[in-house]
Every structure is written in structure tokens, then in C-alpha cells.
Amino acid sequence: MVILLHIFDPQMVTIIDGKSLAQKLRRKIKEEVSKYLDSGNRAPHLAAILVGEDGASRTYVASKERDCDFVGFDSTVHRLPVDTSENELLDLIDSINSNDNIDGLIVQLPLPKHMDTSKVTDAIAPKIDVDGFHPVNVGRLTKNEDTYISATPFGIIMMLEEYGIETIGKHCVVIGRSNIVGRPMSILMSRGGYPGDSTVTICHRNTENLISHTSVADIVIVAVGIPHFLKGDMVKKGAVVIDVGITRVDADNAKGYELRGDADFNSLVNKCTAITPVPGGVGPMTRYGLLHNTLKSYKRKLNL
Ligand code: NAD
């Protein structure tokens with residue numbers, strides 16, 4: 001009797017290098033900005049508001065400032081004390097909304113508990129809402145109209161496109177239904193056109209028998225915030241895994257922590273055709289997404 005074994009070839013695995021891709025795309029933005037500056041235009045300007053002292057939020061805002069610096073954007077960061085009232089924050093947002101020289105405004109989340117996150121993000125004028133959280137921009141996304149797609153889903157779409165990952169007719173399982181990742185991701189993957197046109201299943205904390213969904217998926221996008229949640233035995237051979245998760249776990253290094261994804265890379269890597277690492281996968285593409293949206297707003301304002 002001849003037994004045929006199908007051995008999955010690990011050589012076929014593509015490690016999606018979000019860090020290099022984001023760097024390449026950032027350089028393109030830098031070149032474009034330099035042309036606008038040479039023609040006498042002002043620089044694009046991103047404003048950020050950070051309330052409180054959360055360590056991860058401070059790190060994210062600092063990296064956004066560095067990114068702006070790299071591509072030639074101006075940036076302003078408003079650092080407010082944790083006991084700032086919601087009204088004070090809303091007044092600041094109002095004043096930025098009416099400043100014609102600001103192209104993008106983001107409020108770094110999470111906000112302190114005494115603030116209503118939706119009320120605050122809804123106060124940002126849709127035309128400078130480069131995080132794409134305002135209901136007007138979310139509505140446009142669901143209607144497949146031109147909008148600011150929030151940075152993480154946008155970065156993932158760019159990644160799929162740049163790596164030529166087939167999505168049309170594929171079964172995509174999105175795990176997590178947050179407003180900033182899971183839900184918009186599911187809308188984008190099911191829209192008509194490429195990347196998209198997938199058949200999408202969205203799973204969440206109350207999904208029964210999760211593995212029955214993930215194990216038949218061609219593409220799994222995992223955004224739950226639980227380190228190493230998705231394991232190799234939960235996906236089929238040849239799946240594409242996009243790992244959105246970033247959790248800081250204590251580590252014996254200079255920083256005192258390391259970043260963990262939601263995917264258990266080691267158990268998945270030899271089963272997948274493509275997978276994103278953490279760090280160096282979705283994170284840098286999210287940062288790129290914000291620059292992209294700010295440039296888009298700038299070009300709209302200046303009719304470029
Ligand atoms: P969230 O906490 O708002 O949502 C988590 C989702 O996971 C929820 O919809 C919940 O229903 C689902 N979930 C929780 N437990 C589950 C389970 N056992 N089975 C199935 N689903 C479950 O989180 P979020 O804001 O979407 O972020 C998710 C992760 O992605 C976090 O680690 C966050 O830090 C990270 N993140 C990374 C980037 C990036 O740039 N890479 C951007 C945004 C968020």
C-alpha cells in the first residue's frame with residue numbers, strides 16, 4: 001500500500017514584512033510632500049491630543065510625531081492632564097476643527113474613564129477625522145464611498161494589495177468586532193473589488209465553536225487582544241493569517257516588556273502561505289495609514 005503524505009512546504013511561507021513595506025510607502029509620501037513644498041505650499045499638519053499619562057499611548061503618540069517629522073509634515077501634540085474635563089477637551093477639538101491649517105486631528109485612545117469616547121471622537125470634524133472614527137466617515141465606508149478608512153484596516157488592505165494576496169471569492173474570518181479594527185475590516189473584506197470580494201464571517205467573544213469557523217478560512221484576521229490566542233491547530237494548511245494584536249507582556253529586557261501578537265506565530269508559520277509577525281507586521285502599516293489619510297486631507301484642502 002502506498003501512503004501519500006502531503007507535506008506542507010515551509011519554503012512557501014511569506015512573512016509579510018510590514019516594517020519594510022511601511023518604510024517604502026513613507027518614503028513615497030516624503031517625496032510627494034517635498035514636491036508640494038518646492039512648489040511653495042505649506043506642509044501638511046497633523047494634530048494629536050493625548051489625555052493622561054498612559055505609557056503605551058505616550059509611545060504611540062511619540063512614534064506618530066517621528067513619522068510626521070520623517071515625511072515632512074508639521075505636527076502638534078496637545079498633552080493634557082488626566083483630570084481635564086470633557087468640556088475642556090471638546091473646546092480644544094472645536095478650536096482645532098476651525099483651524100484651516102490643520103489637516104488631520106486624532107485623539108489618542110483610550111481616554112480617561114470620566115470621558116465619553118464616542119462623544120469626543122464624534123466631535124472631530126469629518127474632514128479632518130484622519131482616524132476615520134466619525135459616523136460620517138464610517139457611513140461612507142459602509143457605502144463603499146471615498147472616505148478616511150481607519151488606519152489599521154487601511155494598513156491591512158494595503159498590505160494584502162502590495163503582497164498580491166488573493167481575496168476575491170475567498171473565505172475570510174475576522175475575529176474581533178471592535179469599531180476600530182474588526183468591524184471596519186469585515187466591511188472592507190466583503191466590499192466589491194480588490195482587496196475585498198471575500199465571503200466574510202465575523203467572530204467575537206460569544207461565538208460558539210470558533211474553530212469550526214477558523215479551520216475553514218482562507219484568510220484569518222485576528223484582533224482580540226489576547227496574546228497567542230490563534231494557534232496552528234485552529235487554521236487550515238495554506239491559510240493567510242493577519243495578526244493585529246499588540247499586547248505588552250512583562251519581559252526581562254531594557255524596556256521591561258515585549259510585544260505579543262494575537263497569533264501564536266511559531267505554531268502557525270509552517271501551516272500558512274502568508275503571515276504577519278508581531279512586531280513588524282500590522283503595527284507599522286497602521287502608522288503609515290495615518291500619514292496617508294493626513295496627506296489625503298491636505299491634498300483635498302489645497303486642491304492638489
Ligand atoms: P477590543 O478589545 O475593542 O475588541 C476585542 C474583540 O475581541 C471584541 O470584539 C471581542 O468580542 C473579541 N474577543 C474577545 N475575546 C474573544 C474570544 N475568546 N473569542 C473571540 N473573540 C473574542 O480590541 P481592539 O481595539 O479591536 O484591539 C484588538 C487588539 O489589536 C489589541 O491587542 C490591540 O492592542 C491591537 N491593535 C493593534 C493595532 C495595530 O496597529 N497593530 C491597532 C489597533 C489595535
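Residues numbered from 1 in each chain as written. Predicted model: local features only at pLDDT ≥ 70, side-chain atom pairs only at ≥ 80, totals over all residues. Heavy atoms only, no water.

1. Side note on the side chain of Ser186
Applicable threshold: Secondary structure counts use DSSP, requiring at least four H or I residues in a row for a helix and at least two E residues in a row for a strand, with both numbered from the N terminus. Any N or O atom pair separated by 3.5 Å or less is treated as a polar contact, with the protein-specific requirement of one donor-capable and one acceptor-capable atom, and with residues adjacent in sequence counted only for side-chain atom pairs.
Tracing the sequence through the fold places Ser186 in helix α7 (residues 182-190). There is a polar contact of 2.7 Å between the side chain of Ser186 and the backbone oxygen of Arg183.

2. Section: the site of the ligand
Note the cut-off: Here a residue counts as near a molecule or strand whenever at least one of its heavy atoms sits within 4 Å of it. Using a 1.4 Å probe, the Shrake-Rupley method yields the accessible areas, and only the shown protein chains count as cover for residues. Buriedness of a pocket was judged along seven lines, with at least five required to meet protein on both sides within 12 Å; pockets are open sets of points on a 1 Å grid over the protein atoms alone, cavities are sets where a 1.4 Å probe fits but cannot get out, and lining residues have an atom within 4 Å of a point. More than half of a molecule's atoms within 2 Å of the grid points is what it takes for that molecule to sit in a cavity or pocket.
Around the ligand there are 21 residues in total, and Arg177, Ser178, Arg205, Val244 and Thr286 lie nearest to it. Between Arg177 and the ligand, the recorded distance is 2.8 Å, taken from a backbone N or O atom to an oxygen atom. Notes on the ligand: free accessible area 850 Å², of which the protein chains cover 75%. With respect to the pocket detection grid, the ligand is positioned in the largest pocket. At three residues, helix α10 (residues 282-301) tops the list of elements feeding residues into the shell around the ligand.

3. Section: the environment of Pro44
Where we set the bar: Only protein chains enter the area calculation, which uses a 1.4 Å probe; residues under 20% of their type maximum are buried, those over 50% are exposed, and those in between are partly exposed. By definition in these notes, contact holds between two residues if any of their heavy atoms fall within 4.5 Å.
Position of Pro44 among the secondary structure elements: in the loop between α1 (18-38) and β2 (45-51). Given the relative accessible area of 0%, Pro44 is considered buried. Remark: the alpha-carbon pair of Pro44 and Asp74, spanning 30 residues in sequence, is separated by 6.1 Å. Beyond its immediate stretch of four places on either side in the chain, Pro44 contacts Val33, Gly72, Phe73, Asp74, Asp103, Leu295 and Tyr298.

4. Regarding the sheet that holds strand β4 (residues 104-107)
For the record, the criterion: Two strands are said to pair when DSSP picks up at least two bridges between them. Angles run from 0 to 180 degrees between N-to-C directions of axes, and those axes are lines fitted to C-alpha atoms, restricted for helices to the stretch in contact.
The three strands are arranged β3-β2-β4 in an open sheet whose pairing can be described as parallel. A strand with exactly one partner marks an edge of an open sheet, and here the two such strands are β3 (74-80) and β4. Neighbour-to-neighbour, the strand axes of the sheet open up by a mean angle of 15°, direction not taken into account. Two elements, β2 and β3, share seven bridges in a ladder whose sense is parallel. The partner of His45 across the bridge, within β3, is Asp74. Running at roughly 160° to β3, helix α2 (residues 55-71) makes contact with β2, β3 and β4 of the sheet. In this fold helix α3 (residues 86-97) packs onto β2, β3 and β4, with an angle of close to 180° to the strand it touches most, β2.

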